[in-house]
Amino acid sequence: MSMGRGIFNGALILLSLLITLLLGGVATGRAADIRVMSGGAVKPALTELAKPFQNETGHRVDFTFATVGTLQQQVAAGQRADIYVMTDAAIDDLAKKGIVVAGTRTDIARVGVGVAIREGAPRPDISTPDAFKATLLSAKSLAYIDPDKGGTSGIHVRAVLERLGIADSLKAKTILVPSGYVAEFVVKGEAEIGIHQISEIMAVKGATLVGPLPRDLQKVTVYAAGLGTGSASADAAAAFIRFLSTPAARAKFAEAGLDYRE
């Protein structure tokens, strides 16, 4: 991204935030603490978008990032937040349970699953399911999110490997990452190939996104935000959710690899 484009996008974000404020999106009188429980795929964009929002409103946004499965377990154990950012299905489930306010679900991002290699390494062929299968079988090592930890991409990758009939063949050379960025293991040389959601590959310096999985093997996940019931900072939290759906915020999501289109 050029410096001019970066300045333009920043100006758009600030302009959209000011419009939100002028429309009465944030309660006046005191700064609020907004607690957000979020899936890791949207972390790069969310943390960046929180900065101008905090600067202009004085509100503080505190994030807890984890796999969606882990977040669901935490919620089931009684942990609560002002805003939940999870898959659309997970937000709908929380609304049914009365944990998210009905009607507040706001879709903010779309992300696909991609393949990562270390910067400068030869780019493998992943253009077709057969090519992808051959690449994995010939790789020295592979890393992806541990599906048993509830990671959206990990669950999908396990299903893909089983579908391709190579799950057992790859076990001995596979690293199951409990949480965080799979591409970090690739950059450190611990895995030759990483498979993760595209936004989380793009967030890692030193990693190269080879491309998305072949269409027949792809999974596109929609991430949505929902307002928590009983929030002590409901006005401020609702304003932040509205801000996340502005055109400028959507541009930031797209820049971070969170506007997947086939």
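Anything mentioned here points back to the structure above.
Residues numbered from 1 in each chain as written. Predicted model: local features only at pLDDT ≥ 70, side-chain atom pairs only at ≥ 80, totals over all residues. Heavy atoms only, no water.

Here we come to the overall build of the protein. What the protein contains, in helices and strands, is 11 helices and 10 strands. In the protein, buried positions account for 51% of the 262 residues. Counting only carbon and sulfur atoms, one obtains 51% of the accessible surface of the protein, whose full area is about 12100 Å². (Helix = DSSP H or I, 4+ residues; strand = E, 2+ residues; numbered from the N terminus. Buried < 20%, exposed > 50% of the residue type's maximum accessible area, 1.4 Å probe, protein only. Areas by Shrake-Rupley, 256 points an atom, 1.4 Å probe, with all protein chains shown as cover.)

A separate point is the pairing of strand 8 (residues 193–197). Taken across its five residues, strand 8 has five buried, putting it largely inside the fold. Sheet analysis places strand 5 (residues 113–118) next to strand 8, joined by four bridges and oriented antiparallel. Residue pairing for strand 8: Gly114 is matched across the bridge by His196. (Pairing = 2+ DSSP bridges.)

Put simply, helix 2 (residues 43–57) and helix 10 (residues 234–244) touch, their axes get as near as 11 Å, and they point 120 degrees apart. One finds that helix 2 runs oblique with respect to helix 10. Read as a crossing pair, helix 2 and helix 10 show a hand that is right-handed. Of the residues in helix 10, those in contact with Leu46, Leu49, Ala50, Pro52 and Phe53 of helix 2 are Ala236, Ala239, Phe240, Phe243 and Leu244. Across the contact of helix 2 with helix 10, the residue classes tally to 10 nonpolar, no polar and no charged. (Axes fitted to C-alpha atoms, helices over the stretch in contact; angles between N-to-C directions. Parallel < 35°, antiparallel > 145°, perpendicular 65-115°, else oblique. Left-handed = near helix turned anticlockwise from the far one by under 90°. Contact = heavy atoms within 4.5 Å. Nonpolar A, V, L, I, M, F, W, Y, C, P; charged D, E, K, R; others polar.)

Once the charged atoms of two side chains with opposite charge are near each other, the side chains can pair. Enumeration according to the criterion identifies 12 salt bridges in this entry. Linking Glu190 and Lys188 is a salt bridge whose minimum nitrogen-to-oxygen distance equals 3.8 Å. (Salt bridge = Lys/Arg side-chain N within 4 Å of Asp/Glu carboxyl O.)

Okay, the packing of helix 2 against helix 11 (residues 247–255) next. A pair of packed helices is characterised by two quantities: the angle between their axes and the separation of those axes. Across the interface, helix 2 lies against helix 11 with an axial gap of 9 Å and an inter-helix angle of 145 degrees. Crossing of helix 2 over helix 11 shows right-handed handedness. Every residue of helix 11 that contacts helix 2 at Ala45, Leu46 and Leu49 is listed here: Ala249, Lys252 and Phe253.

What follows deals with the side chain of Thr174. For Thr174, the position within the fold is in strand 7 (residues 174–177). Here the side chain of Thr174 touches Leu170 through a polar contact of 2.6 Å, landing on its backbone oxygen. The residues touching Thr174, leaving out its near neighbours within four places in the chain, are Leu142 and Tyr144. (Polar contact = N/O pair within 3.5 Å; in protein donor to acceptor, adjacent residues only side chain to side chain.)

This part is about the nonpolar core. Ranked by size, the top nonpolar core spans 46 residues in total, and within it Ile34, Ile83, Tyr84, Met86, Phe240 and Phe253 carry the most contacts. Ranked by residues supplied to this core, first place goes to helix 10 with seven residues. Counting residues in hydrophobic clusters, the runner-up holds 20 residues, among them Ile117, Phe132, Val160 and Leu213. (Core = buried A, V, L, I, M, F, W, Y, C linked by side-chain atoms within 4.5 Å.)

Right, let's talk about the sheet that holds strand 9 (residues 207–212) for a bit. The strand order across the open sheet built from five strands is 7-6-8-5-9, with neighbouring strands paired in mixed fashion. The open sheet has two edge strands with one neighbour each: strand 7 and strand 9. Mean inter-strand twist for the sheet, computed between neighbouring axes without regard to direction, equals 30 degrees. Pairing between strand 5 and strand 9: five bridges, direction antiparallel. Residue pairing across strands places Ala116 opposite Leu209, the latter belonging to strand 9. Against the sheet, helix 5 (residues 129–138) touches strand 5, strand 6 (142–145) and strand 8, its axis set at about 130 degrees to strand 8.

Take the packing of aromatic side chains next. Taken as a whole, this structure holds three aromatic pairs when the rule is applied. With 4.8 Å between their ring centres and 50 degrees between their planes, Phe53 and Phe240 make a pair best called tilted. Remark: Phe240 occurs in helix 10 and Phe53 occurs in helix 2; sequence separation between them is 187 residues. Taking relative accessible area as the criterion, Phe240 reaches 1% and is therefore assigned buried. With a centroid separation of 6.1 Å and 25 degrees between ring planes, the pair formed by Phe53 and Phe243 is classed as stacked. Note that Phe53 is positioned in helix 2 and Phe243 in helix 10, a separation of 190 residues in sequence. Judged by its relative accessible area of 0%, Phe53 falls in the buried class. (Phe/Tyr/Trp six-rings, centres within 6.5 Å; stacked < 30°, edge-to-face > 60°.)

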